[in-house]
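Chain and residue survey
As a plain string of letters, each chain reads:
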Amino acid sequence: MTMTPDHHNTPQGLTTDQARTRLAEDGPNEVAQGTRRTVWRRLADMLRQPMFALLVAAALLYVLLGDLTEGLTLSVFVLAVLVLSFYQEGKSEAAIEALRQLTQAQARVLRDGQTQLIPASEVVAGDCLLLSEGDRVAADGWLLQANNLQMDESLLTGESVAVDKSPLEPQPGGSGSPMPKPLPQACVHGGTFVVRGSGQVLVTATGMRSQIGQIGLSLGQVQEADTPLQQQTARLVKVLAILVAVLCVVMVLTLVWRTGQWVPALLSGIALAMAILPEEYSVVLTLFPAMGARRLTREGVLTRHINAIETLGAISVLCTDKTGTLTQNRMTVTALAVPPMAGSAEPGEVLQWRTPALGTSPSASPNPDTPLEAAFHPLIEHAILASAPTPFDPMETAFHAMGQHHLNAADRAFGEGQLVQTYALSPSLKAMSHVWQFEPDDPHVVSAKGAPEAIMDLCHLSPDARQHWLARVADMAAQGLRVLAVAHGRFDGQSYPDTPHDFDFEWLGLIGLTDPLRPEIPQAIADCQSAGIQVIVITGDFPATAREIARQAGLPEGETLTGDVLEGLDDAALRERLRRVTVCARISPHQKLRIVQALQAQGQVVAMTGDGVNDAPALKAAHVGITMGERGTDVAREAADLVLVDDNFASIVRGIRLGRRIFGNLQKSMQYIFAIHIPIAGMALVPMLMGWPPLMLPLHVALLELVIDPTCAIAFENEPEQAHMMQSPPRNIQTSLLGSQEILQSLALGLCLFICVGLSFAWAQQGGSNALSLEQTRSMVFITLLTGNAVLYLSSRTRTPGWKAIWQRPNWTAYALLASAGALVLLAIYWPWLSAILQFAPLPLPYLGLALGWGLLSLPAAMGVKSVLIHFFRSAPAQKS
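**Section: the overall build of the chain**
For the chain, the helix and strand inventory stands at 29 helices and 22 strands. Burial status across the chain gives 53% buried among its 881 residues. Split by element, the accessible area of the chain, about 38000 Å² in all, is 59% carbon and sulfur.

**Quick word on the packing of aromatic side chains**
Summed over all chains, the structure comprises 13 aromatic pairs. Considering the side-chain rings of Tyr672 and Phe716, the 5.5 Å spacing of their centres and the 45° angle between planes classify their relative orientation as tilted. Taken together, the residues span a long stretch of sequence, with Tyr672 in helix H22 (residues 649-690) and Phe716 in helix H23 (residues 698-717) at a distance of 44 residues. Phe716 shares its class with Tyr672; the two are buried. Here Phe716 and Tyr793 contribute two aromatic rings whose centre-to-centre distance is 5.2 Å and whose plane-to-plane angle is 65°, an arrangement assigned as edge-to-face. You can see Phe716 sitting in helix H23 and its partner Tyr793 sitting in helix H25 (residues 774-796), a full 77 residues away along the chain. For Tyr793, a relative accessible area of 0% puts it in the buried group.

**Points about the sheet that holds strand E8 (residues 301-303)**
Hydrogen bonds between backbone groups are what pair the strands of a sheet, and the pairing can be parallel or antiparallel. Here we have 8 strands laid out as an open sheet, ordered E8-E22-E21-E20-E9-E17-E19-E18, and mixed in their pairing. Both edges of this open sheet fall to E8 and strand E18 (559-562), since each of them pairs with a single strand only. Adjacent strand axes in the sheet meet at a mean angle of 20° when their direction is disregarded. In this sheet, strand E21 (residues 624-628) lies alongside strand E20 (residues 606-610) in parallel orientation, the contact comprising 4 bridges. Note that in E21 the partner of Thr609 across the bridge is Ile626. Each of strand E9 (317-320), strand E17 (534-538), strand E19 (581-585) and E20 is contacted by helix H19 (residues 589-601), which is oriented at about 170° to E20, the strand it contacts most.

**Details of the environment of Gln185**
With respect to the helices and strands, the residue Gln185 is situated in the loop between strand E5 (163-164) and strand E6 (187-188). For Gln185, a relative accessible area of 33% corresponds to the partly exposed category. Separated by 42 residues in the primary sequence, Gln185 and Leu143 place their C-alpha atoms 8.6 Å from one another. Setting aside chain neighbours within four positions, we find Gln185 in contact with Leu143, Asp164, Lys165 and Ser166.

**Thoughts on the pairing of E17**
Most of E17 is tucked away: 4 of the 5 residues are buried. Pairing analysis gives 4 bridges linking E9 to E17, with the strands arranged parallel. Of the residues in E17, the one forming a bridge with Thr320 is Val537. As judged from the 2 bridges shared by E17 and E19, these two strands associate in the parallel manner. For Ile538, the partnering residue across the bridge sits in E19 and is Cys584.

**Things to note about the packing of helix H24 (residues 740-765) against H25**
At a minimum axis distance of 9 Å, the contact between H24 and H25 shows a crossing angle of 155°. Taken together, the axis directions place H24 and H25 in an arrangement best described as roughly antiparallel. The two elements H24 and H25 cross, and the hand of that crossing is right-handed. Across from Leu749, Leu753, Cys756, Val757, Ser760, Phe761, Trp763, Ala764 and Gln765 in H24, the residues of H25 making contact are Thr777, Met780, Val781, Thr784, Leu785, Gly788, Asn789, Leu792 and Ser795. Class assignment of the residues belonging to the contact of H24 with H25 gives a composition of 11 nonpolar, 7 polar and no charged.

**Side note on the environment of Ala383**
Assignment of secondary structure puts Ala383 in helix H11 (residues 377-385). Ala383 sits 12 residues away from Met395 along the chain, and the two C-alpha atoms are 9.8 Å apart. Residues within four places of Ala383 in sequence aside, it is in contact with Phe399, Lys449, Val486 and Ile511.

Definitions and limits used
- Residues numbered from 1 in each chain as written.
- Predicted model: local features only at pLDDT ≥ 70, side-chain atom pairs only at ≥ 80, totals over all residues.
- Heavy atoms only, no water.
- Helix = DSSP H or I, 4+ residues; strand = E, 2+ residues; numbered from the N terminus.
- Buried < 20%, exposed > 50% of the residue type's maximum accessible area, 1.4 Å probe, protein only.
- Areas by Shrake-Rupley, 256 points an atom, 1.4 Å probe, with all protein chains shown as cover.
- Phe/Tyr/Trp six-rings, centres within 6.5 Å; stacked < 30°, edge-to-face > 60°.
- Pairing = 2+ DSSP bridges.
- Axes fitted to C-alpha atoms, helices over the stretch in contact; angles between N-to-C directions.
- Contact = heavy atoms within 4.5 Å.
- Parallel < 35°, antiparallel > 145°, perpendicular 65-115°, else oblique.
- Left-handed = near helix turned anticlockwise from the far one by under 90°.
- Nonpolar A, V, L, I, M, F, W, Y, C, P; charged D, E, K, R; others polar.

Geometric descriptors of this kind do not, in isolation, establish any biological role.
So, in structure tokens, the structure goes:
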């Protein structure tokens, strides 16, 4: 064990001016990352996509034909589609970059003699870093002070075992002598994690000069793999691309055989490929998660891994902490219990102190002016001495606040004592102990606080005394109090024992703390229950305390599983037990992993909250790991998918609601894309089969892309949530995004629109010599198709039958896009210069009305077919059973 210098005698650190100068000289403390894609790189990536390659090929063929006007026009459309794609990609990348900025690491440093929290990128050589459990080290450096410090250096060494660290040896020959090269145990490296203890580090290298920078690793940027949905959709598009390629080759060869002309046949084949291939899938699968992550940020949830967006709406079990997540994390001491005789823990009358507010209301504020008798002073004094000198933990802050109000300034808790040894909380002993030196000739003062059972073990209480005080603990816990015990002792000498069990402790008593429930929690719990989500409270607190908080939160009655009982269950028994459990109490962090794995073995989609170093395995194993922004450690943040800015359970529920909305809108968009390509493909394919002049040229497919891309991406991404969305059970993540029901429904809606387009074409061609020209027929068919496109959007807005649903919760962004698309097509038809280039011709008003009418006819047809299909799929399971 390493002796820690006087906590009052700390380095002053750099001044602000010195730090600013060194930052300007050395640059930011960042490892070189892959630069963002340049415009040319993005352009090259887009041209590798089949749709853009086909557009460019068609433009070149027009030029080869000598039709420079059509070639240039198509090139303009290619440019317009590129601009639109650049805009959508830019929004996605901007959203992800904003999230990276929000989740960048922080570092605590000493500057101007004060502790400051700064971005890790601003750490400079010469800074004094302050490390504590769970921190990620911001830069390379030498240890000036270390207190039970253990580091996880697996990132650099590959070794998973934590490494003990010790500070630099005193410099021989005085401060003027050169600093010798430190031993490895006195060095820390950027990117490693503090597993245990605390320390102070003199920064020696930052950025690319650090060891991790020289190796070339990049920690600041998470490289995301393709999500399951992206992989699934990529396979679908690949299959479609192969089928389209075969079909187009056959059709081109057929046209060449009929006409003997290669170039027109190639143009028709390109138009067919562009009409069938749903290249918009890649757009929506990129845009929706990125914009969804940005929306989550507005709800107080930061997304570290975009993949979690897919899973968020499918969560079926939500495992949550109690302290600070369900409660307000504003601990206040509200009850004390001490033995009637100092130093004796044997059964007898217990002296108790309670605030008048205790028991009146879960959110009542205790009265700090309630008098405190002298018999309780040692209890508070040693609770403070067993806490951090500068408290961060809410309970330790409450002890300090209690002492400042009730203890004298001359008490040792506020003196100039020297903290010479600490024993941290561990899985085997849920208590922490501090050894203090106040006067050189006096014995050391040892103070301990922690779980009552652990302090009872340290004090070696008799069985009768243990049962007596456990009964007091149960009484306090039943009132929803967090209960800790406190003990004290004395020690002579400088050779400190390896474990606090070797000290001679005396029992001082119990402290009960109140942490009021957040007012929004009952409604959030009710939302989870209506959404079919099981909520399990997992806490290290007493079962009675956890049950009382669960009752206040509105959780249903269920079993309580304790850590001791869990240890005795095998995996099968644990899986079965968890079906009935609502509270897990006295749970150690390593047991959270077993709970997650048991729930996953049931087929559940599990979200787990955690904030400590030891929570990382459970957070990583869960489908969605959630950590805390205010009290979460860097280790937990690295393992988690989401970070709660305000540590609030209600934010998780809002995130689940938004996750369901994102997935629902994504599914609507995918169905829309599938459906709209059916009439477009039909318009390209049927004339080729029948030997008619082509209705759909590459120019027109490019024009349609300017309509379809904003609709499937921007319009559906802005779609408001469905009514009663949180009244349906979670979706099964094993089912595909486009299952048989969705494909059949999209196919039916697309065929309805195709039939209406066909009727419009037939009407335009009736009358023999009075039939419309090819250009006017094309205009009529396009107006019908664009009107049907608006109808298809409206019918895709809801998954339930009925007319009212398509008009509820208006989406003004979509309406504006559809109106703009209509105006664009009318301009293309009725502006002579543009209509000549696009091979359109103005329609007489009666035919314009008919074209609009045929398009609108698809609405009742689509809603009727949709209603029949929904009723069919609802009745099918009942018939099977």
